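Survey of secondary and tertiary structure
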Amino acid sequence: MKGRLPTGIEVLDRRLDGGLPAGSIVLFSAEPASQSELLLYELTAARGTLYLTSLRSDQAVSDAIDRTRSRVGNPTVRDIGGDAPLDAANRLISALPENANLVVDVVDPLERVDRSRYRRFLNELQTAMVNTGSVAFLHAMKGDGVPKNRSMTKHVADVVWDLDTQVRGTDVVNKLAVPKFRGGRALDETIKLKLEEQVAIDTSRDIA
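Structural notes, computed from the coordinates. (Residues numbered from 1 in each chain as written. Predicted model: local features only at pLDDT ≥ 70, side-chain atom pairs only at ≥ 80, totals over all residues. Heavy atoms only, no water.)

**Digging into the pattern of salt bridges**
Scanning the entire structure with this criterion turns up nine salt bridges. Across the salt bridge formed by E111 and R150, the nearest N and O atoms sit 2.8 Å from each other. One end of the pair, E111, is in helix α5 (residues 108-111); the other, R150, is in helix α7 (residues 150-156), with 39 residues separating them in the sequence. Taken as a pair, E111 and R150 share a single burial class, namely buried. Here the salt bridges do not stand alone but share partners, grouping D108, E111 and R150 into one network. (Salt bridge = Lys/Arg side-chain N within 4 Å of Asp/Glu carboxyl O. Helix = DSSP H or I, 4+ residues; strand = E, 2+ residues; numbered from the N terminus. Buried < 20%, exposed > 50% of the residue type's maximum accessible area, 1.4 Å probe, protein only.)

If you want it as structure tokens, here you go:
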């Protein structure tokens, strides 16, 4: 579809009518113990990517990407996990080239700053994505201690990906919901994914 940027993950692009609208902000929520990073790593294969890490070191992220057996790119990885993660993120995002990916992994420390400062950050992020024709992926952790500004992130985000991971006996079941798609079509059913060495459709049947 015209104006869409493919994610580079075929199983998602087929369901998203070719990809995501340029200029979008995507909120990707997942459990901390899930394999959600694998999806982030595969996004880097589609185009140039600025990967901002707030918890792990930049070296740890680069090493993990190098070990990934699926198709990945060569992202620029920067650590923003210091005393002022919001300021560090703003400086790096201001130099984002056109038609790029931005990954913030994870966005939680940024969501814990003052509400007005975080709102300004989101507005400036939206402007940067539209001006550069890029896509931002804000990786957020679900579970205990959700940051106070998470609801603001959900509202501002153009697209919401919600990964549900459950352990059923000997099986790990991952289901991706897309309940919000501003400028596109939200999915009316989840996508069952295998998150092993690469992102793939899980064709196994659910047994109640």
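Now, onward.
**Considerations on the pairing of strand β9 (residues 171-181)**
Where strand β8 (residues 159-168) meets β9, nine bridges bridge the pair, whose relative direction is antiparallel. Bridging across to β9, D162 finds its partner in A177. Bridge count between β9 and strand β10 (residues 191-195): three bridges; the pairing is antiparallel. Paired with N174 across the two strands is L193, which belongs to β10. (Pairing = 2+ DSSP bridges.)

**A closer look at the nonpolar core**
Within the largest apolar cluster, 33 residues are counted, with the highest numbers of intra-cluster contacts made by L12, L20, L39 and W161. Within the residue set of this core, elements represented by two or more residues are α1 (10-15), β3 (25-30), α2 (36-43), α3 (58-67), β7 (135-141), β8, β9 and β10. Ranked by residue count, the leading element in this core is α2, at five residues. If near-sequence neighbours (up to four positions away) are discounted, L39 is found in contact with I9, L12, F28, W161, L193 and V199. (Core = buried A, V, L, I, M, F, W, Y, C linked by side-chain atoms within 4.5 Å. Contact = heavy atoms within 4.5 Å.)

**Thoughts on unusual backbone geometry**
Outside of glycine, negative phi angles account for most residues, and trans bonds account for most peptide bonds. In this structure, the amide linkage connecting D105 to the following residue, V106, adopts the cis form with an omega of 0°. Its place among the elements puts V106 in the loop between β6 (101-105) and α5. Positioned with a positive phi, D17 is a non-glycine residue whose angle comes to about 55°. Take D17: it is sitting in the loop between α1 and β2 (20-21). Residue classification places D17 among the partly exposed residues on the basis of a relative accessible area of 31%. Residue N99 is not a glycine yet carries a positive backbone phi of 55°. With respect to the element layout, N99 can be found in the loop between α4 (85-93) and β6. For N99, a relative accessible area of 45% corresponds to the partly exposed category.

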